[in-house]
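Listed here are the chains, written in short residue letters.
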Amino acid sequence: VILLCFRRYLITALTSCLFWNTFGLSAAMDSKPNILLFLADDLGVGDIGCYGNNTIRTPNIDRLAREGVRLTQHIAAAPLCTPSRAAFLTGRYPIRSGMASSNRYRALQWNAGSGGLPANETTFARLLQQQGYTTGLIGKWHQGVNCESFNDHCHHPLNHGFDYFYGMPFTLLNNCQENKPPELDVALQAKLWVYSQIITLAVLTLTAGKLTGLISIRWKIIACFTLVGGLFFISWYSSYGFVQYWNCILMRNHDVTEQPMRLERTASLMLKEAVSFIKRNRHGPFLLFVSFLHVHTPLFTTAKFLGKSRHGLYGDNVEEMDWMVGKILDSLDKEGLKNHTFTYFASDHGGHLEAQDGSAQLGGWNGIYKGGKGMGGWEGGIRVPGVFRWPGVLPSGTVIDEPTSLMDIYPTVVHLAGGILPQDRVIDGRNLVPLLRGRAQKSEHEFLFHYCGSYLHAVRWYQKDSGAIWKAHYVTPIFHPPGAGACYGKGICPCFGEGVTHHDPPLLFHLSRDPSEAKPLSADTEPLFDTVIRKIGRAVEEHRRTLTPVPEQLSLYNAVWKPWLQPCCGTFPFCWCDKEGDSTQV
């Protein structure tokens, strides 16, 4: 009898196991998972443990990699914040949406600028919203706010598919911290100060000459000079003199809650909001996009993390961000959502090599890869971490060495939500689910185009039959000083003009053999040189035929500060408030 009962139990157990293996995974895939997206700001690919860093502690991001899939060739669509994030949100190269600049302003400069992500662009948040998801964005936006008035919110997250927004509509800057040197348009401000001083000196000279009788001039002319000089000073100092009030603000939905923001509690507020969003929407499905303010300068770090890393303030800031990742993952566990949540971690582009304070490095480390933030073609500016986790659906501890893009997140999450991609526009991203699950062995990308602003700097070709990955550079920045690997003293490398070198024929690298891009190939050293260059050239021609003219959102007009567009929690220009109090405990 005992043996008979044991046989029946064993058969039942095996049947149940077989049922789960056959149908359980399918059921998990058929249901709509919660989607949690982490995006760091300016984090280098070499800054976290699972990508080879053994001195900065990132146990929570590393845990995601152990429990999921890690991509080794994850590529940003642009090497700077605003265009990269536009591509991430829309699945399209930023040049298609007008978020690529042809001037030196390659990212949005003001909350009160008129440029931003156009209303006719469809974000993944909008598509998931249509599939019944509750959508939230916590943290950095940097895609614009208003178009024509201070409250039209045409570029605001709530106008792009997010049900809830809490964070910075702009980005962190040194200007946001009292004791830091200004960061916004430093060279232009210096010129404006010089011009203002020249005008002031001229007025004083004319006044002294008139009083002493050395200069024969009417008082009306002196008054006119004084008026013009005063208006000139007010015209620029009213913006650049108050950057902390105009740009460094926090918003909840459409309401400004801190102006200026208090950095000492910002991390706690962001964490509290993320955890609260998960708790409120635990019955799902939800999309939560946690867009970190870390690790952008000024690297404000709370006291409990200061001095704790082996890499100064930058390392402290990375470790604080990792701690925040862990707390948010803990909230998933607490609500029993871990196995029903598709989680992703990445950076918007590479580390900022030129960010320095004397001998202290304030930017990230891009590992073996050349270049960094702002450099359109070099790997260090565009190769970023890419980690996915979905227990029970994605295999754990998997490493994929295939070319992928931040733009791929768009079709991937739309697929998981059961949505349909827009049919009226080009979507450059590709659905990663087959690759992540091991059902596909090759990336769907054959070519990836690497822009610096609106200028095409390089192209990557994945030769799938051989597995070779080639990259041709048409334009590269001129490093300063020569051979330094970055544009020190300039803040960031330019995309055009005298600060770049044009290459004809292009510089060609075999990334599979030379990922550091240290040994350019030639027709003498590479038998396939001419074939590869021709193939990439034809791909560029085909790509350009898919581009259509669109309004440039980062034009000089759109970039300038417009007081009538300024978000303000009072009556402009009296914009200051603190509606948060000290309620920051999670």
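Residues numbered from 1 in each chain as written. Predicted model: local features only at pLDDT ≥ 70, side-chain atom pairs only at ≥ 80, totals over all residues. Heavy atoms only, no water.

K.L.:
Please explain the state of the cysteines as it appears in this structure.
P.N.:
Disulfide: a covalent bond formed between the sulfur atoms of two cysteine residues. Enumeration according to the criterion identifies six disulfides in this entry. Between the sulfur atoms of Cys147 and its disulfide mate Cys154 the distance is 1.8 Å. When the S-S torsion is 95°, as for the bridge of Cys147 with Cys154, the disulfide is right-handed. Overall, Cys154 belongs to the buried group, its relative accessible area being 13%. Each disulfide pairs two cysteine sulfurs, and for Cys176 the partner residue is Cys248, the sulfurs being separated by 2.0 Å. Judged by the torsion about the S-S bond (-80°), the Cys176/Cys248 disulfide is left-handed. With Cys176 in the loop between strand S4 (164-168) and helix H6 (186-212) and Cys248 in the loop between helix H8 (243-247) and strand S5 (250-252), this residue pair connects regions lying 72 residues apart in the sequence. According to the relative accessible area criterion, Cys176 is buried, its value standing at 3%. (Disulfide = S-S within 2.5 Å. Buried < 20%, exposed > 50% of the residue type's maximum accessible area, 1.4 Å probe, protein only. Helix = DSSP H or I, 4+ residues; strand = E, 2+ residues; numbered from the N terminus.)

K.L.:
Explain the sheet that holds strand S1 (residues 34-40) here, please?
P.N.:
To summarise the sheet geometry, strands pair through backbone hydrogen bonds and adopt either a parallel or an antiparallel arrangement. In spatial order, the strands read S12-S2-S11-S8-S1-S7-S3-S4-S5-S6-S17; together these eleven strands make up an open sheet with mixed pairing. Of all strands in the sheet, those bounded by a partner on one side alone are strand S12 (398-405) and strand S17 (577-578). Pairing geometry for strand S2 (residues 69-75) and S12, over six bridges, is parallel. Paired with Arg70 across the strands is Val399, a residue of S12. Sitting on the sheet, helix H10 (residues 312-334) is in contact with S1, strand S7 (286-291), strand S8 (341-347) and strand S11 (383-389), with an inclination near 175° to S1. Packing of helix H12 (residues 409-416) onto the sheet brings it into contact with S1, S8, S11 and S12, and relative to S8 it is tilted by some 175°. (Pairing = 2+ DSSP bridges. Contact = heavy atoms within 4.5 Å. Axes fitted to C-alpha atoms, helices over the stretch in contact; angles between N-to-C directions.)

K.L.:
What's the story with the packing of H6 against helix H7 (residues 219-240) in this structure? I'm lost.
P.N.:
Any two packed helices are characterised by the angle at which their axes cross and by the distance between the axes. With their axes 10 Å apart at the nearest point, H6 and H7 run at an angle of 160° to one another. On the basis of the axis angle, H6 is roughly antiparallel to H7. In this structure, H6 meets H7 at a crossing whose hand is left-handed. Of the residues in H7, those touching H6 at Leu188, Gln189, Leu192, Trp193, Tyr195, Ser196, Ile199, Val203, Leu206, Thr207, Lys210 and Leu211 are Trp219, Ile222, Phe225, Thr226, Gly229, Phe232, Phe233, Trp236, Tyr237 and Tyr240. Class assignment of the residues belonging to the contact of H6 with H7 gives a composition of 16 nonpolar, five polar and one charged. (Parallel < 35°, antiparallel > 145°, perpendicular 65-115°, else oblique. Left-handed = near helix turned anticlockwise from the far one by under 90°. Nonpolar A, V, L, I, M, F, W, Y, C, P; charged D, E, K, R; others polar.)

Read these as layout, nothing more, since geometry by itself doesn't imply function.
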